[in-house]
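Descriptive structure summary
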Amino acid sequence: MEQIQKYLYGAVLVSLLCFSPLQNFAVAGDGPDEVEIDSLAQLYEPVYFDHAMHEEVTDSNCAVCHHHTLGTQIEDENCMRCHAESGATDEIACQECHSSNRFEAEDLARIDADKTLYHRDKVGLKAAYHIRCMNCHEEMGAANGCQDCHSRTDAGNKFFHAGNYAPPESDKPAGGGH
Amino acid sequence: MKAMNRRKFLKGSLLGGAAASVISKRKNADASSSFGGYPDAMGVLVDLTRCIGCRSCEAACNKEQGLPAPAQSFDDLSVLDHERRTSEGAYTVVNRYEIPGKDHPLFRKIQCNHCNEPACLTSCFVNAYTKTPEGAVIYDATVCVGCRTCMIACPFYVPAYSYSSVLNPVVQKCIFCYDTRLKFGRPPACVEACPREVLTFGKRKDLIKIGNQRIQNHPDLYEDHIYGEKEVGGTSWMYLSSAPFDQVGFDTDLGTQPILSYVKEFLTVVPMVLTIWPALFAGFHLLATRKDKQKKEEKSEI
């Protein structure tokens, strides 16, 4: 137990040291060059997100993905009503706000218990990634297929009955039946 | 004098029967309008504006329910070229709809909508179906006699029949992952698999609020309607769309009354007909033929 506590303190200290300059005057370029997104990796391999490249693509406008959390001016009028001057927040990474166990009983109970919570319909981590990434990729004409961003694992092939687990060609029916 | 009495008796019995049926009708009509579903029933809000037709939900359903291997991979999007229905091998399917005037197709996932007052349940004469307080419409396949009335009763054409089974064909459909997930407070497999949260799982009453808020925040994006909030008395699965609902395969003429209410009035009369009428008409017959019988007896005595 003490060991775990030590690790926790260590982790908190390290994260404070690493990210404290970001909190108040974060600017593009301060962010990581690459982010490995592996928190959800089961059916797909982790995604290596080229953060530096995306900073260039968005003209260093952090708000495109990070909303108001870096203190960048946001444009959505609905968000502006509360967040026009809310400034940078302690939490910046997507997973700090977007739940990775969305819809599990525990997560729903947390929302249910907080009657004053405004963001009740906040998408989970997986949807936050996919909606943000894919909508922009479509606008920009970038690659948008599932495996353009992450290759499938063996478990994924099994799940989709694809690759080594694909059904034989001859079984294809002429049309859908009932 | 005797004839008069008989006529009075006839009149009285008919009036009495009619009055009884009217009273029972009113009682039942009141009961149906006050139910409106279990208060803490769960549901899913399907947002068509987010769906990209990746078929992950179909794959998840196949795995969770232990369904037979598909004829084509779940990443084969050519199946979207024709409209599909749910079947014994697929409790959920995604269809694509080209919308006139829009450069994007919309995709719509179909499965059992888990009605508040299910027509399948009411139509089933062996009581195979149950609407659970959690919101799922489940069924006991062991008592199913294969009459397929539920398939005809369902306004969404959802229950399918395992025609491939020679010895024990039964009706099959989505059960909201009741046995493996919903019962334990967990979301169904399709919801968990969906990459873009097209499917929002929660209490049905909360989902209606969420749906209305999305419409309010993005009035240009959404049709101002939550399909399933009121249709056929309300369903646990509900939909938001950016195109008129009839353009994405929804039946918009179903009305807001549970299917049950269309047949309930008739059905309440059935037991009365079955129990009272045989005795009543047997009585009439005996009365009418009594004289003949007496005459016959008199004749034989002579």
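In this text the structure is predicted, and so the values were computed from the model without any measurement. (Residues numbered from 1 in each chain as written. Chains lettered and ligands numbered in written order. Predicted model: local features only at pLDDT ≥ 70, side-chain atom pairs only at ≥ 80, totals over all residues. Heavy atoms only, no water.)

**Focus on the overall build of chain B**
The condition is simple: For the purposes of this entry, the term helix denotes a DSSP run of H or I that reaches at least four residues, the term strand denotes a run of E that reaches at least two, and both are numbered from the N terminus. Only protein chains enter the calculation, and the probe is 1.4 Å; a residue is then buried if its accessible area is under 20% of its type maximum, exposed if over 50%, and partly exposed in between.
Along the backbone of chain B there are seven helices and nine strands. Put simply, chain B has 302 residues, and 46% of those count as buried.

**With respect to the overall build of chain A**
The condition that has to hold: Calculation of accessible area relied on Shrake-Rupley with a 1.4 Å probe; when residues are assessed, cover is drawn exclusively from the protein chains displayed.
Per the secondary structure count, chain A includes nine helices and two strands. Tracing chain A from N to C terminus, the helices and strands come up as α-β-β-α-α-α-α-α-α-α-α. A buried classification covers 25% of the 178 residues belonging to chain A. Carbon and sulfur atoms form 55% of the exposed surface of chain A, whose accessible area is close to 12,200 Å².

**So, the confidence of the model for chain B**
The line we're drawing: For every residue, the predictor assigns a confidence score, pLDDT, that lies between 0 and 100. Note on definitions: a residue-residue contact is assigned when non-hydrogen atoms from the two residues lie within 4.5 Å.
Overall, the prediction assigns chain B a mean pLDDT of 88, with 88% of residues at 70 or greater. Every residue in residues 21-32 of chain B scores below 50 in pLDDT, and together they form eight contacts with partners more than four places removed in sequence or on other chains.

**Regarding the interface of chain B and chain A**
It is common to give the size of an interface as the accessible area that goes away when the parts come together. Worth spelling out the cut-off: By buried area we mean the combined loss of accessible area, with a 1.4 Å probe, across both parts when two parts are placed together. We count a salt bridge whenever a side-chain nitrogen from Lys or Arg sits within 4 Å of a carboxyl oxygen from Asp or Glu. Any pair of N or O atoms that falls within 3.5 Å is considered a polar contact. Within protein, one atom must be able to donate a hydrogen and the other to accept it, and sequence-neighbouring residues count only if both atoms are side-chain atoms.
Contact with chain B, which involves 47 residues of that partner, is made by 35 residues of chain A. Together, the buried faces of chain B and chain A total about 3,000 Å²; carbon and sulfur atoms form 54% of this surface. The largest per-residue losses of area from chain B upon contact with chain A belong to Ala71(B), Arg196(B) and Glu197(B), which jointly make up 19% of the total buried on that side. The interface formed by chain B and chain A holds five salt bridges in total. Asp112(A) serves as the salt-bridge partner of Lys203(B), at 3.3 Å between the closest nitrogen and oxygen. Counting every contact that joins chain B to chain A gives 15 residue pairs in polar contact (both at pLDDT 80 or more). Put simply, the parts of the chain that give the side of chain B that touches chain A at least two residues each are helix 2 (56-64), helix 5 (189-193), strand 8 (199-203) and helix 6 (204-217) of chain B.

**Concerning helix 2 of chain B**
The element helix 2 of chain B is largely enclosed, with a buried count of seven among its nine residues. Of all the positions in helix 2 of chain B, only Ser56(B), Cys57(B), Glu58(B), Ala59(B), Ala60(B), Cys61(B) and Asn62(B) are classed as buried. Looking at the packing, one finds that the buried side of helix 2 of chain B touches helix 9 (154-160) of chain A together with strand 2 (93-98), strand 3 (105-110) and helix 5 of chain B.

**Re the sheet that holds strand 1 (residues 42-47) of chain B**
Residues and elements named next belong to chain B. Put simply, the rule is: Between any two strands, pairing holds if DSSP finds at least two bridges. Axes here refer to lines fitted to C-alpha atoms; in helices the fit is confined to the stretch in contact. Angles between the N-to-C directions go from 0 to 180 degrees.
With mixed pairing, the three strands of this open sheet are ordered in space as 8-1-9. Edge strands, defined here as strands with exactly one partner in the open sheet, are strand 8 and strand 9 (237-240). Mean inter-strand twist for the sheet, computed between neighbouring axes without regard to direction, equals 25°. Examined bridge by bridge, strand 1 and strand 8 share five bridges and lie antiparallel to one another. Residue pairing in the sheet places Val46 in a bridge with Leu199 of strand 8.

**Focus: the nonpolar core**
Put simply, the rule reads: What we call a nonpolar core is a set of buried Ala, Val, Leu, Ile, Met, Phe, Trp, Tyr and Cys residues that are connected through their side-chain atoms within 4.5 Å.
The biggest cluster of nonpolar side chains holds 57 residues, and the ones touching the most others in it are Val44(B), Val46(B), Tyr129(B), Phe156(B), Leu199(B) and Phe201(B). When sequence neighbours within four positions are dropped, the list of residues in contact with Val44(B) reads Phe176(B), Pro188(B), Val191(B), Leu199(B), Thr200(B), Phe201(B), Leu207(B), Ser236(B), Trp237(B) and Met238(B). Grouped together as the second largest cluster of nonpolar side chains are 10 residues, Phe160(A), Ala60(B), Cys177(B) and Ala189(B) included.

**Thoughts on the packing of aromatic side chains**
Residue and element names in this part refer to chain B. For the record, the criterion: Any Phe, Tyr or Trp ring, taking Trp's six-membered ring, that has another such ring centre within 6.5 Å forms a pair; planes under 30 degrees apart are called stacked, those over 60 apart edge-to-face, and the others tilted.
Counting across every chain of the model gives 14 aromatic pairs over all chains. A centroid spacing of 6.4 Å and a plane angle of 70° characterise the contact between Tyr227 and Tyr239, whose relative ring orientation is edge-to-face. Taken together, the residues span a long stretch of sequence, with Tyr227 in the loop between helix 6 and strand 9 and Tyr239 in strand 9 at a distance of 12 residues. For the residue pair Tyr227 and Tyr239, the accessibility class agrees, reading buried in each case. Plain terms: the ring middles of Tyr239 and Phe250 are 4.8 Å apart, the flat faces sit at 65° to each other, and that makes the pair edge-to-face. Taken together, the residues span a long stretch of sequence, with Tyr239 in strand 9 and Phe250 in the loop between strand 9 and helix 7 (259-301) at a distance of 11 residues. Assessed through its relative accessible area of 1%, Tyr239 is described here as buried. Relative accessible area serves as the criterion here: at 6%, Phe250 is assigned to the buried category.

**A closer look at the pairing of strand 9 of chain B**
All names here are of chain B. Here strand 9 shows two buried faces, one formed by Trp237 and Tyr239 and the other by Met238 and Leu240. With four bridges joining them, strand 1 and strand 9 adopt parallel strand pairing. If you follow Val46 over to strand 9, its bridge partner there is Tyr239.

**Details of helix 6 of chain B**
As a reminder, the rule being used: Under the convention used throughout, the expected extent of a helix is 1.5 Å for every residue step, that is, one less than its residue count.
The end-to-end C-alpha distance of helix 6 of chain B is 20 Å, a good match for the 20 Å that 14 residues give at a rise of 1.5 Å each. Tucked into the core, helix 6 of chain B has its buried residues touching strand 1, strand 8 and strand 9 of chain B.

**Here we look at the pattern of salt bridges**
Under the defined criterion, the tally for this structure stands at 18 salt bridges over all chains. Between Arg50(B) and Asp47(B) there is a salt bridge; the shortest N-O distance is 4.0 Å. Just as Arg50(B) is buried, Asp47(B) falls in that class too. The residue Asp47(B) makes a salt bridge to Arg214(B) at a minimum N-O spacing of 2.9 Å. One end of the pair, Asp47(B), is in strand 1; the other, Arg214(B), is in helix 6, and 167 residues separate them in sequence. A residue is classified by how much of its surface remains accessible, and Arg214(B), at 5% relative accessible area, is buried. Each of the salt bridges in this network shares a partner with another, and the network as a whole consists of Glu104(A), Glu64(B), Arg181(B), Arg186(B) and Glu192(B).

**A word on unusual backbone geometry**
Residue and element names in this part refer to chain A. In this structure, Asp59 is a non-glycine residue whose phi angle is positive, near 55°. Examined against the element boundaries, Asp59 turns out to sit in the loop between helix 2 (51-57) and helix 3 (63-66). Phi angles above zero are rare outside glycine, and His67 is one such case at about 50°. Tracing the backbone through its elements, the reader meets His67 in the loop between helix 3 and helix 4 (77-83).

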